[in-house]
Each structure stands twice: as C-alpha cells, then as structure tokens.
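# Fold and geometry: a report
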Amino acid sequence: MAETVTLSIADSFYKAKDRLTAAERALVMESLLLFAQNPRHNSLNLEKIHNGFWSTRVNRDIRIILYPYGKAWIVAYCDHHDKAYEWAERHRVEVHPVTGELQFTRAEVVVVTVPREVEAPLARFDEDYLLSLGVPPDYLKPLRYATEDGVLELLDGLPQAIQERILDLLDGKPVVPPPRIQVQNPEELLAHPLIQRQFHLLQSLQEVRQALQGSWEAWRFFLHPLQQEVVKAHFGGPARVTGGAGTGKTVVAIHRTRTLAQRYPEARILLTTFNKGLAQRLKIALKGLAGEELPNVWVDNLHNLALRLYEEAYGRVHIWKEEEYRPVLEKLSQGLSFSSDFVLSEWEMADAWGLYTWEAYRGFSREGRGIPLSARERRSLFEVFQRVWEGMQAQGATTFSGVCHRVRTALEEGNLPRFRAVVADETQDFGPAELMLLRALAEEGADDLFLTLDPGQRIYKGPTSWRALGLEVQGRSRRLRVNYRTTREIGELAERTLPSQVEGEVRGSLALLRGSKPEIRGFPREEAALEELLRWLRWLLDQGLEPHQMAVLARTHNLSKRVGEGLQREGLLPQGLETDGEGVWCGTVHGAKGLEFRAVALFGATAGLFPLRTLLDRAADPQERALVEEKERSLLYVALSRPREYLWVGYWGEPSPYLPS
Ligand SMILES: Nc1ncnc2c1ncn2[C@@H]1O[C@H](COP(=O)(O)OP(=O)(O)OP(=O)(O)O)[C@@H](O)[C@H]1O
C-alpha cells in the first residue's frame, strides 16, 4: 500500500514556483500530489543530490528539490533542471545553535573585505548579540566587517526573518532576540508555530490538495509577525493599518476577514474596497484562503453596496457624475463672481460632507480651502448648491456622495441592518461621505472597523481627517513595513516620488528581494519611445516571461490606446486591465491600482502628463493646485510600485518633474 507523506512547504519553494509558467506550475502540483501519496513512484525518479537535498522529476526539464527531515519531506525549491540542481548545491539546511530556528541558508558565505576608511555598519554589534538574532555562526564575521552593500549581499543568502532583523538594525531600530525554540525532535520543530512562518506543514493528503488548489500563493500560509498580529488582534474599536505599496495590506484585509468570519460565525461581516475589479479580486482571494465561499461574508465595492442598499431603502435612483452636474452648476452660478472651477470644487466638497442645509454649510470649517468666503458669499453659493440638489432630486438623481449619505441616514435610523464588522481596503481613496458610511455600516463595538490604507497612493480624494468623522483609532494604528512585492531597486525608486506630505507615514519600507536596476529612458518623440518599449517587451519574452506577466501603463486613456495599437501592430496581443486573458496588460495607471505584474512599463513619464496639465490648469486656487500635485505624484508612485521584478520608464521631450533623476 502506498504511504502518505508529511510535507512541509518552504517559502523558498513558493517564491521559486512564481518563475515557472502556469502550465509548468500545474505539472509541479501534480507531481507533488503524487509524491505525497507515493514518493517512490517510478515516474518521480527520486534521487539524492547535493547537501542532503533530493530531486524529483516533474517532466524532462523541471525538478522539485526536497529535503528529508525527520519523518517529513521539506519541499524546498523548483526550477528548470540545471538551475534547480545549482540551487541545491548552493544551499544548506541547519538548526540555528542559539535560536533553534530551522534555516535554509546560502552555503558559501561571500567574504567582503572592507577598506579601512569605509564604515562597516554592523561592526558595533557584538557577535553574541548577532548570534542571538539567528545569524548563522559563519556569517557573523563577514557581516560585521561588511560595507552596507556587502551586508545586503550577504543577507540575500539568509532566511527572511533574519534579513528583517538585520535591516531593522541598519535602520537604527532596537531588535529583540526571538525566543529560543525548544523541541525534542524534527517533527515537533516542523509543527512549531514560530517555524510556520517559513515552513508550512501539511499532514494529510487533503491538506496537500487544499494548499495546492487555486493560486497557491505564499501569503495564504506565511504571515509576517506584524501581519499575524493585526489579523488576530482583538481591537476595542476601529483599527487602522497603513503601509507602503506591496506591504501586504490587502493580504492582511483578506486574512482579517476570515478571522472575523470565524470569530463571529453568526454575524454578518463586510469586506469592501474602492472599485469593482478590486472587490472581485478580494472575493476570489478570500475564497482561495478559506477554501470555500464564507456564508456570513459579503464582498462588494463600497459604491455598489451603497447603491444596492439605497435602492432597498428608497427605490431606484440615477447617478449623476461630473459630466451631468458641471453644466448645471455652471449655468446656475453665472451671476456669481467665482470661477466655475471654484464653484464646482466647493459644491463637491459640500456634497462630500453632506452639507445639505444652510446651517450645516454655514457652520462648516472651510480650513484648508484656498479662497476665503464672506457670510454673504457663502449664502449665495449655498443657494446655487441647493437648486442643483433640488434639480437632481426632481429627476430622481443623486451623486455617489448623496447615495452614501442617505444610506447612512437609513442605517442610523435603524431602517437597514448593519454588519457586525467591516473590513475595508484602499481606504485612502475614500472621502468623507464614504468614510461616514463605513462608520455607520458597522455596529459600534469591539472589532467593528478594520481599515487599511496607503496615504502615498491617494489618487482620487484629498486627505480627510478621520477624527473629524468620529473615527478614533488611537492605540489601534499599526504600520506594515516589509515590502513583499518588489525588489529593493524598484522600491527605492518608487519611494523617491512620494509626495512630501506623506513621506513620514510610508517611506522606508523594507524590500527584501534584489533585482536589476529600473530603466529610465528619454526619447525625442513618442514614436521612438514606443519602438524601444516594444524591444524591451520582446527582451522580457526572451527572458521567459509570459505576456500576461507584463503591463504597460499610461497616464491617459488615449495614450494607453495608442500603445495597445502599437503592440498589436507588432503581433503582441494587448488586453485591458479589467480582463483576464493571456495578452500584455495595457491600461491607465488609475486602472492598475492594487494590481501587480512581474514587469511594468510606464509609457510617458513626461512633463505635461505627470502632472496632467489640464488638471493643473483647472485647479481653482493654490491649495487645490497643491492637492492636484500631491495626487499626481501619488499616481506616479502607484505606477512605479506595481512591478515585482522589472521596471521600464519612458518619456519624450521633458521628463516629469517628479521623476527621480
Ligand atoms: N506574508 C506574505 N508572504 C508572502 N507574500 C506576501 C505576504 N504578504 C504579502 N505578500 C505578497 O506581496 C504582494 C503585495 O501584497 P498586497 O497586494 O497585499 O500589498 P498592498 O500593501 O495591498 O499593496 P498595494 O498598496 O500596492 O496595493 C502580493 O504579491 C502578496 O501576495
């Protein structure tokens, strides 16, 4: 009878499988399932190779690298034959003599000799301390004598947890040694909770099946201790989780939702976000994590949910967007001495805050609005605003802000049921109307609101004071710092575009992966940039990337359309960001919010596009201009923080003033 094997899947395996094609990954999965049932199956050709590692055959080319540990097999790596063997040759498995952690480390330690005049940043820490942090003994001296670049080079060969501790030291943060793991045998070690961060134990065939189902992403099993903390915490009220791009805010939102669904099995939980596409992705990811659709969880983008609730409470409604209300405002405000852009932005502010009565508008602090208004001017503006709202109402129409406010009222009056808890992702782009609605959607109490945001990616709305809205998060605010998405080279470049207003809040994420330098290229004309872009995409294909692992982003729809046509002419199939096909993704930076790709090209980081000249020209006053600039910088940050491995940036004529040199 075939034996059933205990597998422990290492995070290095999950990272490695991302470099294979979808078809190759499917074959790897089949082989692992077979291995779990019968490791000695003839077709697997299990054989011992280097450093105690074993190899098993997936097909003529692909190999999985395993390590027998106690009664289990650790699934360590997978790749094309030569690369897989090379990896095994370069790595070793050890239990750290002080921390007791199980570690995969690079076997050969690169010793970098430092010229005397260059500072070695870790020299001031003694060896015993570094050892207590889990640094392997043979890395101690090289690390202490290395330059900063040398340290980074050495860290590449160490487990993620050790990298994070050392990077924190470099950043001047105090690092407390981890508790020592004490176990009797390998089985206990593999099952130890502190080990689960890097080695995911699967004890039955069913667990193996579940783990390999769907997208089998690392984030489903391995959480950073801080991610784990916010996922599992019992919060006394609203909690806020910030972090730069790629720090796992969405991952945390999904895990938190599952935790809450289990914690409150009889209650309704809402998982929401900004747009429809992202909500769809959340839904799929949550199902992948939980293994099924959770019956007590609702997943929807906030505006869609608000619209459904509105219709439930009040009946059908037509939504007016700027194209509809702008001309009405322009017509009604003709007699006033303000520019139409100012009237529009003032009305949008009043609408967003729900200032539908004279008393509310008159008493509202317009602090931060550039143009001061006398009481009489306020009154005349309000009369115009009121006529717009009345006109809309007469036509059975309102804005999304209007929908949010009325739904909030229905919730507050008890005419609609609330959720026990609400988890919301991408909340930096929620304005006052949406944030007030979120508050009202959740019953007030423990674990009621869990909001994630990156203030550096605010691309739709201006900043809103949460406290003014009654969202008090003091003592329940956490910041994620490890950037899991991108290479250090790309992460650092992206951070240099951050608006100064938010730098303190999100700058300084730790990107642990290393990669090639991003390319920033200037061209005389758009056509020349397109030609070079096409060459770059072809080069990526030669590197083994598939078209759907690449994206070309542009500031405007028109430009993105032109790129798509260019790709098509060259035989590269483009696909929209909202689709799910096999082509190269093409779209606007706005459309790429929350997404990621192995390679990203930003086409047109050109002056006049970042910031978009038409938007800047329309800004009614200096404050608004500053806000437009902040949002445009954030947009550039969003674009540059989408790639995992490769980034290409092209401009023609003058580069964007926000582009780091
Ligand atoms: N603990 C983890 N282990 C492995 N991968 C992780 C982990 N947390 C996040 N990731 C990966 O990092 C990437 C970024 O995660 P996620 O999208 O949640 O970040 P984010 O902070 O929401 O990013 P953004 O704000 O840019 O949208 C994803 O590929 C995700 O799978």
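Residues numbered from 1 in each chain as written. Predicted model: local features only at pLDDT ≥ 70, side-chain atom pairs only at ≥ 80, totals over all residues. Heavy atoms only, no water.

Let us look at the overall build of the chain. What the chain contains, in helices and strands, is 25 helices and 24 strands. Overall, the C-alpha framework of the chain stretches about 85 × 65 × 55 Å when taken along its three principal axes. Counting only residues that meet the buried cut, the chain has 56% of its 661 residues in that class. For the chain, the proportion of contacts with a sequence separation of at least 24, taken over those separated by at least 6, is 74%. Of the accessible surface of the chain, which amounts to about 29200 Å², a share of 49% is contributed by carbon and sulfur atoms. Across the chain, the centroid of the 82 positively charged side chains sits 1 Å from that of the 89 negatively charged ones. (Helix = DSSP H or I, 4+ residues; strand = E, 2+ residues; numbered from the N terminus. Buried < 20%, exposed > 50% of the residue type's maximum accessible area, 1.4 Å probe, protein only. Contact = heavy atoms within 4.5 Å. Areas by Shrake-Rupley, 256 points an atom, 1.4 Å probe, with all protein chains shown as cover. Lys, Arg positive; Asp, Glu negative; His and termini not counted. Charge placed at Lys NZ, Arg CZ, Asp CG, Glu CD.)

Close contacts around the ligand come from 21 residues, with Phe 222, Gln 227, Lys 249, Glu 596 and Arg 642 the closest. At 2.8 Å, a side-chain N or O of Arg 485 approaches an oxygen atom of the ligand. Contact distances for the ligand include 2.5 Å between an oxygen atom and a side-chain N or O atom of Glu 596. Within the complex, the protein chains bury 90% of what would otherwise be the 630 Å² of accessible surface of the ligand. Sorting the residues of the shell around the ligand by element identifies helix H11 (249–263) and strand S17 (482–487) as the ones contributing at least two each. The element contributing the most residues to the shell around the ligand is H11, with three residues. Its residues placed into classes, the shell around the ligand shows seven nonpolar, nine polar and five charged. Residues lining the shell around the ligand come from more than one domain, with at least three contributed by each of domain 3 (225–306 + 422–480) and domain 5 (485–652). (Near = heavy atom within 4 Å. Polar contact = N/O pair within 3.5 Å; in protein donor to acceptor, adjacent residues only side chain to side chain. Nonpolar A, V, L, I, M, F, W, Y, C, P; charged D, E, K, R; others polar. Domains from an automatic or database assignment.)

The strand order across the open sheet built from six strands is S11-S10-S14-S15-S9-S16, with neighbouring strands paired in parallel fashion. Either end of the sheet is taken by a strand with one partner, and the two such strands are strand S11 (297–301) and strand S16 (477–480). Adjacent strand axes in the sheet meet at a mean angle of 15° when their direction is disregarded. Examined bridge by bridge, strand S14 (residues 421–424) and strand S15 (residues 449–453) share three bridges and lie parallel to one another. (Pairing = 2+ DSSP bridges. Axes fitted to C-alpha atoms, helices over the stretch in contact; angles between N-to-C directions.)

Before going further, it helps to spend a moment on the side chain of His 96. Examined against the element boundaries, His 96 turns out to sit in the loop between strand S6 (91–95) and strand S7 (102–106). At a separation of 2.7 Å, a polar atom in the side chain of His 96 contacts the main-chain carbonyl oxygen of Val 135. Every residue in contact with His 96, bar those within four places of it in the chain, is listed here: Glu 101, Gln 103, Leu 131, Gly 134, Val 135 and Pro 136.

Backbone-to-backbone hydrogen bonds pair the strands of a sheet. The strands run either parallel or antiparallel. One open sheet accounts for six strands, arranged S19-S24-S23-S20-S22-S21; its pairing is parallel. The open sheet has two edge strands with one neighbour each: strand S19 (519–523) and strand S21 (574–576). Between one strand and the next, the sheet's axes are offset by a mean angle of 25°, whatever the strand orientation. Pairing of strand S23 (residues 597–603) with strand S24 (residues 643–652), which is carried by six bridges, proceeds in the parallel orientation. Within the sheet, the bridge partner assigned to Leu 602 lies in S24 and is Val 649. Against the sheet, helix H23 (residues 557–569) contacts strand S20 (550–554), S21, strand S22 (584–588), S23 and S24, and its axis sits at roughly 160° relative to S22.

Of all ten residues in S24, eight are buried; the element is thus mostly enclosed. Examined bridge by bridge, S19 and S24 share five bridges and lie parallel to one another. Each bridged residue has a counterpart across the sheet, and for Glu 519 the counterpart in S24 is Trp 648.

Quick look at the confidence of the model for the chain now. Caution is warranted with low-pLDDT regions, since their predicted coordinates should not be read in detail. Across the chain, the average pLDDT comes to 92, with 98% of residues at or above 70. For this predicted complex, the interface confidence reaches an ipTM of 0.99, while the overall pTM sits at 0.91. (pLDDT = per-residue confidence, 0-100.)

Turning to the domain arrangement of the chain, a few remarks are in order. Often the size quoted for an interface is simply the accessible area lost on bringing the parts together. Segmentation of the chain into domains returns domain 1 (6–92 + 184–220), domain 2 (102–170), domain 3 (225–306 + 422–480), domain 4 (321–398) and domain 5 (485–652). The gap between the C-alpha centroids of domain 2 and domain 4 is 60 Å.

This part takes up the pattern of salt bridges. Summed over the entire model, instances satisfying the criterion amount to 39 salt bridges. Glu 94 serves as the salt-bridge partner of Arg 92, at 3.3 Å between the closest nitrogen and oxygen. For Arg 92, a relative accessible area of 14% translates into the label buried. Between Asp 138 and Arg 92 there is a salt bridge, and its shortest N-O distance comes to 2.8 Å. Separated by 46 residues along the polypeptide, Asp 138 in helix H5 (residues 137–145) and Arg 92 in strand S6 bring together distant segments of the chain. One network of salt bridges, with partners in common, ties together Glu 322, Arg 326, Glu 330, Asp 341 and Arg 618. (Salt bridge = Lys/Arg side-chain N within 4 Å of Asp/Glu carboxyl O.)

Looking now at unusual backbone geometry. At the junction of Phe 610 and Pro 611, the peptide bond is cis and its omega measures out at 0° in the coordinates. At Asn 45, a residue that is not glycine, the phi angle is positive and equals roughly 50°. Phi is positive for Glu 426, close to 60°, though the residue is something other than glycine. Take Glu 426: it is sitting in the loop between S14 and helix H19 (432–441).

What follows is about the UniProt feature "binding site: ATP" (unreviewed entry) in the chain. As recorded in UniProt, the feature "binding site: ATP" (unreviewed entry) lies at Gly 243, Gly 244, Ala 245, Gly 246, Thr 247, Gly 248, Lys 249 and Thr 250. Of note, Gly 244 is situated in the loop between strand S9 (239–243) and H11. Ignoring any residue separated from it by four or fewer positions in sequence, one finds Gly 244 in contact with Lys 249, Asp 454, Leu 480, Val 506, Ser 509 and Tyr 637. Take Thr 247: it is sitting in the loop between S9 and H11. Judged by its relative accessible area of 1%, Thr 247 is buried. Other than its neighbours up to four places away in sequence, Thr 247 contacts Gln 227, Leu 480, Arg 481, Val 482, Asn 483, Tyr 484 and Ser 509. (UniProt positions renumbered as here; feature names shortened; annotations may be inferred.)

Once that is clear, we can look at the packing of helix H10 (residues 225–232) against H11. Taken N-terminus to C-terminus, the directions of H10 and H11 make an angle of 35°; their axes are 8 Å apart at the nearest point. Remark: the crossing between H10 and H11 carries right-handed chirality. Contact with H10, carried on its side by Gln 227, Val 230, Val 231 and Lys 232, involves Val 251, Val 252, His 255, Arg 256, Thr 259 and Arg 263 of H11 and no other residues of that element. Grouping the amino acids of the contact of H10 with H11 by side-chain chemistry returns four nonpolar, three polar and three charged. (Left-handed = near helix turned anticlockwise from the far one by under 90°.)

Before going further, it helps to examine the packing of aromatic side chains. On inspection of all chains with the given rule, the structure shows 33 aromatic pairs. Here Tyr 14 and Phe 221 contribute two aromatic rings whose centre-to-centre distance is 5.7 Å and whose plane-to-plane angle is 45°, an arrangement assigned as tilted. A residue pair is termed long-range when its members are at least 10 positions apart, and Tyr 14 in helix H1 (residues 11–17) and Phe 221 in the loop between helix H9 (205–212) and H10 qualify at 207 residues. Both residues of the pair, Tyr 14 and Phe 221, belong to the buried class. Measuring from centroid to centroid gives 6.4 Å for Phe 235 and Phe 450, while their planes differ by 40°, and the two rings are tilted. Here the residue Phe 235 occupies a position in the loop between H10 and S9, and Phe 450 occupies one in strand S15, the gap between them amounting to 215 residues. (Phe/Tyr/Trp six-rings, centres within 6.5 Å; stacked < 30°, edge-to-face > 60°.)

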